[in-house]
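Okay, here's what each chain looks like letter by letter:
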Amino acid sequence: MAKPKFYITTPIYYVNARPHLGHTYTTVVADTIARYKRMRGYDVVLLTGTDEHGQKVERAAKAAGVSPQEFADRISAEYRALWRELDLPVDRFVRTTEPRHERAVQMLFRKAQDQGYVYKGGYEGQYCVFDEMYVDEPLSGNLCPECKRPTERVREENYFFKLSAFQDRLLELYEKQPDFIQPDTRRNEVLAFVRGGLRDLSISRTSFKWGIPWPGEEKHIFYVWSDALTSYMTGVGYADDEVEFEKYWPADMHLIGKEILRFHAVYWPAFLMAAGEALPKRVFAHGWWLFADEKMSKSRGNMQYPQPIARVLGIDALRYFLLRDMVFGQDGNFSRDALLTRYNSDLANGLGNLTSRTITMIEQYLGGRVPARNPKEENDRDREVAELQRGTCEEVLRYYESYDFSRALESIWSLIAEIDKYLVEFQPWVLVKEKSKWGRLEMVLYTAYDALRVVTLLAHPVLPHATQKIWEQLGNSTPLASQMLGNDLTVGHKQGGHVNKPEGVFPRVDKKEAFERIEAMEEEIRNPASTTPAASGSTAGAAPAGAAAGPAKIGIEDFAKIEMRVGVVKSAERVAGADKLLKLLVDIGEEVRQVVAGIATSYAPEDLIGKKVVVVANLAPRKLRGVESNGMIVAASVAPDGRPVLCTFTEDVPAGARLK
Ligand code: MSP
C-alpha cells in the first residue's frame, strides 16, 4: 500500500537579511516534524525557500549597490548553505524569481479573476514596507500597528481581490475545521479579525518594478504576498506537473511565525477558494525567540546566529535547545547561559553519560554481549522501570502528535533520570564482584540497555545525529531513521548481539570557554572585518552577504547615542591564537582603554603606536578570544575580502575629541 503523504512548509524567507536563529528555529521544527512523520510511515515532503520580490528587497539591494537579482542570489544561496550546514534536508526549495513560480502565480490569479474575484481599482492609503502590508488603521504618526515603523503613503492603480466576499466562507471554514488554525489562542485572534469585517485587498503594485508581471499589463506586478504564498503550490508542481500536484497538494501543515498568521489564515484560503483550489489542512503559528525581551530582527540588531552554536556544541545541541527551551506556540527568551547549562546538564551529564556508562559496563562486565532479560532475576523495581518506559513511549508519542516537543523531551529526560537513579540503586559495579550475583547484574544491565534503546528511538526526530551514534553503539547496523516509531517499540534490542565501542556523544564543555568561542564566532558573522581564525568556517562566516544587506535607516537621535572619540594608540600586541586580532591600549582623552581590534591582517602592531584612530567609546565591554575589549576601533571594510583600513585625520586632532 502506498504510504500516506505529509506535506509540510516553512515560510519562504525574505532575502533582505541573512538567516538568523529565528529562521533556523522554524526550519528545525519543520525538520523535526518531518523526521517524526517519516518514522510514523509517511511519505513526507518539506518545502522551504526564499521570498525575493517586493519593495523591501528592492530597497535593500539598492542600499547595497547591487541589482535585486544579484542581492537575492546571494542571500538565497546563504539560506541553502545554512540548511546544508545544519543538515536540514529540504525536499523542495522555491525561489520566487524562478520561471516555474511565475507561471504558478499567474495561473492561480487568472483562475480567481475568471471567477470574478479580481477587479481593477485605485488604492490610496498607508503601506508598511517592512511588513509588506497595507495598513488601514495606522497608529498616530502614521506608524504601522504591527512593527511600529513609519508607513508610507501609496496612491496607485491596482488590481483588487474581493476579500470581502469571503467573510462567511472563512468563518465557516474555522468553524468546521477547528484545528485549521493552531494553537487555539491564535485561532481566536483570527476569528475576531474576520468577524470584524474584511475589506478588499490590493493584489498588484504599480509604483515599482521588482515583482512578477501581471499578464497583459505593462505596469502591474503582483503584490509580494500574493506572489509568496503561491510558492507553497509551486514547490509541488502547480502549473508544471499535474501528477506531483495531485499527489501532494493540499499542504498538511503550514508552519509559520505568529506575525504572518493573517496572511496564511485569511488571505491564503480566500485566494484558494476564489481559484477553486483545495485548502491547506492546518496553519500552525509558533511564537518568537526573544533576545533580552525583544523579537530578534535585523533592524533591532539583536540577532543571534545558529552557526556558532552548531560549530561549538554540535547541530543536535542546537536542535535540542531550540525545541526544549521554547514551548511550541509561546515566545521564548534566548540566553546563551541557559543554552550551555542545558548542554552540560541534559546532554553531557544526562544522555551522554547514561550512554557511556551503560555501554562501558556491558563491555567490561559482559564482554560486550547485549544483556538478555532474565525473568527469574526480575524484581518489582525492574517491573516499575519497564512500566515507566512503556508509559514514556505513549506519552512522548502523544506529545509529538500535538507538536509539543518541549514536553516530549521533558518526558524522555525523566526516563533518563530514572535509569540513572536505578543504576545507583542496584550498583552493577558491586554486583559484578560476586559470581552469584551475575544473573542479577545482567538483569540490571538489561533494564538500562533497554531503556536507552527506547530513549534513542524516541529522541531521534530531535537529535538525529547523536541518536544514530548511540544506536550503533547499542549494536545496531541499520539506520535509525528507517525504524518505525509506534506503540510497539521492541525494535533494536539486539539479543545475542554485541555492543560497539563507546564513543562520547556529548562531551562536557567548559561553560566559560564555550561561551567565549560562541561569542567570538557571533562577532565574526555580525562583523566580518574582525574575523578570528576560530570563527572562520563555512557558510555565513565566509559570505560577505550580511555586509551587503545594508542597515536600516536611523534617526539623528539614534546616531547621537554612539560616542565616537579620537584615540591615540599607546601600545599594540597580537592576541594569542587569533591571527586577525590585536590588543591595543588607546588614550581617549580622559582614560586609556583596552580595545581588541580585528585589524592584524592590515597592520603590524609596531606600526600603530602613536597613530590616531576612531574609537566607539560607549560600546558595552565584551570578550574576544578571552580578552576584554572596551570599545571598538572604526575601520573601513574593503572588498572583496573585507580588509580593514583605519580612519585617519587630515589635520592634527587631540585625543578624546568627539566625532559628530
Ligand atoms: N517572506 C515572508 C514569509 C512569506 S511565506 C509565504 C516572511 N519572511 S521572514 O524572512 O521575515 O521570515 C519570517 C519567519 O521567520 C517567521 O514567520 C518565523 O517563521 C521565522 N522567524 C523570524 N524571526 C523569528 C524569531 N525571532 N523567532 C521565531 N521565529 C522567527 O515573513
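Residues numbered from 1 in each chain as written. Predicted model: local features only at pLDDT ≥ 70, side-chain atom pairs only at ≥ 80, totals over all residues. Heavy atoms only, no water.

**Topic: the sheet that holds strand β2 (residues 43-51)**
Selection criterion: Between any two strands, pairing holds if DSSP finds at least two bridges. Strands here mean DSSP runs of E at least two residues long; helices mean DSSP runs of H or I at least four residues long; both are numbered from the N terminus. A contact between two residues is defined here by any heavy atoms of the two lying within 4.5 Å. Helix axes are fitted to C-alpha atoms over the stretch in contact, other axes to C-alpha atoms as well, and angles between N-to-C directions run from 0 to 180 degrees.
Reading across from one edge, β3-β2-β1-β11-β12-β7 is the order of the 6 strands in this open sheet, with parallel pairing throughout. The outermost strands of the open sheet, each flanked by one partner alone, are β3 (92-95) and β7 (181-182). Direction of pairing for strand β1 (residues 5-14) relative to strand β11 (residues 253-257): parallel, over a ladder of 2 bridges. Bridge pairing in β11 places T9 opposite H254. Helix α10 (residues 261-275) rests against β7, β11 and β12 (283-286) of the sheet, and its axis sits at about 140° to β11.

**Quick word on the domain arrangement of the chain**
The following threshold applies: Domain delimitation in this document rests on an assignment produced automatically or drawn from a domain database.
By the assigned domains, the chain splits into domain 1 (5-286), domain 2 (345-482) and domain 3 (534-547 + 555-646). Taken over C-alpha atoms, the centre of domain 2 sits 50 Å from the centre of domain 3.

**Regarding the packing of aromatic side chains**
Here is the rule we go by: Side-chain rings of Phe, Tyr and Trp (the six-membered ring for Trp) are treated as a pair once their centres are within 6.5 Å; stacked means planes under 30 degrees apart, edge-to-face means over 60, and tilted covers the remaining angles. Buried means the residue's accessible area, taken with a 1.4 Å probe over protein chains only, is under 20% of the maximum for its type, while exposed means over 50%, and partly exposed covers the values in between. We call a charge positioned above a ring when the Lys NZ or Arg CZ atom is no farther than 6 Å from the ring centre and deviates by at most 35 degrees from the ring normal.
Applying the stated criterion across every chain, the model contains 36 aromatic pairs. Taking the centre distance of 5.2 Å and the plane angle of 5° together, the rings of Y13 and Y79 count as stacked. Of this pair, Y13 sits in strand β1 while Y79 is found in helix α3 (residues 68-85), placing the two residues 66 residues apart along the sequence. Owing to a relative accessible area of 5%, Y13 belongs among the buried residues under this scheme. Taken together, the ring pairs connect F109, Y117, Y159, F161, F166, W214, F222 and F271 into an aromatic cluster. Sitting over the face of the ring of F193, R262 holds its NZ or CZ atom 3.9 Å from the ring centroid. In this structure, R336 packs its charged tip against the face of F515, placed 5.4 Å from the ring centre.

**Topic: the environment of A448**
Within the secondary structure layout, A448 lies in helix α17 (residues 438-459). With near-sequence residues (within four places) excluded, A448 lies in contact with T358, I419 and L423.

**Structural notes on the site of the ligand**
Selection rule: Think of it this way: one heavy atom of a residue within 4 Å of a molecule or strand is enough to make that residue near it. Side-chain atoms alone can form a polar contact between residues adjacent in sequence; in general such a contact is a pair of N or O atoms within 3.5 Å, and within protein one must be able to donate a hydrogen while the other accepts it. Here the Shrake-Rupley method, with its probe set to 1.4 Å, supplies the accessible areas, and only the displayed protein chains count as covering residues. Any residue that is not Ala, Val, Leu, Ile, Met, Phe, Trp, Tyr, Cys, Pro, Asp, Glu, Lys or Arg is counted as polar, Gly included; the first ten are nonpolar and the last four charged.
The environment of the ligand is made up of 24 residues, and the closest members are I12, T26, D51, E259 and W289. In this structure, G257 approaches the ligand through a main-chain N or O atom, which is 2.9 Å from an oxygen atom. Protein chains shield 95% of the accessible area of the ligand, which is 670 Å² for the free molecule. Elements represented by at least two residues in the shell around the ligand include exactly β1, α1 (21-39), α7 (224-229) and β11. Ranked by the residues each element gives to the shell around the ligand, the list is headed by β1, at 4 residues. For the shell around the ligand, the class distribution of residues is 13 nonpolar, 8 polar and 3 charged.

**Regarding the nonpolar core**
The condition is simple: Nonpolar core, defined: a set of buried Ala, Val, Leu, Ile, Met, Phe, Trp, Tyr and Cys residues in which side-chain atoms within 4.5 Å join the residues together.
Within the largest apolar cluster, 106 residues are counted, with the highest numbers of intra-cluster contacts made by L313, L351, Y400, I412, W413 and L463. Top contributing element to this core by residue count: α17, with 12 residues. For this core, the domains that each give at least three residues are domain 1 (5-286) and domain 2 (345-482). In contact with I412, not counting residues within four places along its chain, are T392, V396, Y400, V455, L458 and A459. Core analysis: the second largest hydrophobic core is formed by 71 residues, V94, C147, I203 and I260 among them.

**Considerations on the pairing of strand β16 (residues 564-575)**
The side chains of a regular strand alternate between both faces of the sheet. When β16 meets strand β19 (residues 612-616), the two strands line up antiparallel, connected through 5 bridges. Bridge assignment links R565 to a residue of β19, and that residue is V615. One ladder, built from 2 bridges, connects β16 with strand β25 (residues 658-659); its direction is antiparallel. Across the sheet, the residue bridging to M564 is L659, located in β25. Two strands pair when backbone bridges link them, and β16 and strand β17 (residues 578-587) are joined in this way by 7 bridges, in the antiparallel orientation. Of the residues in β17, the one forming a bridge with V575 is A578.

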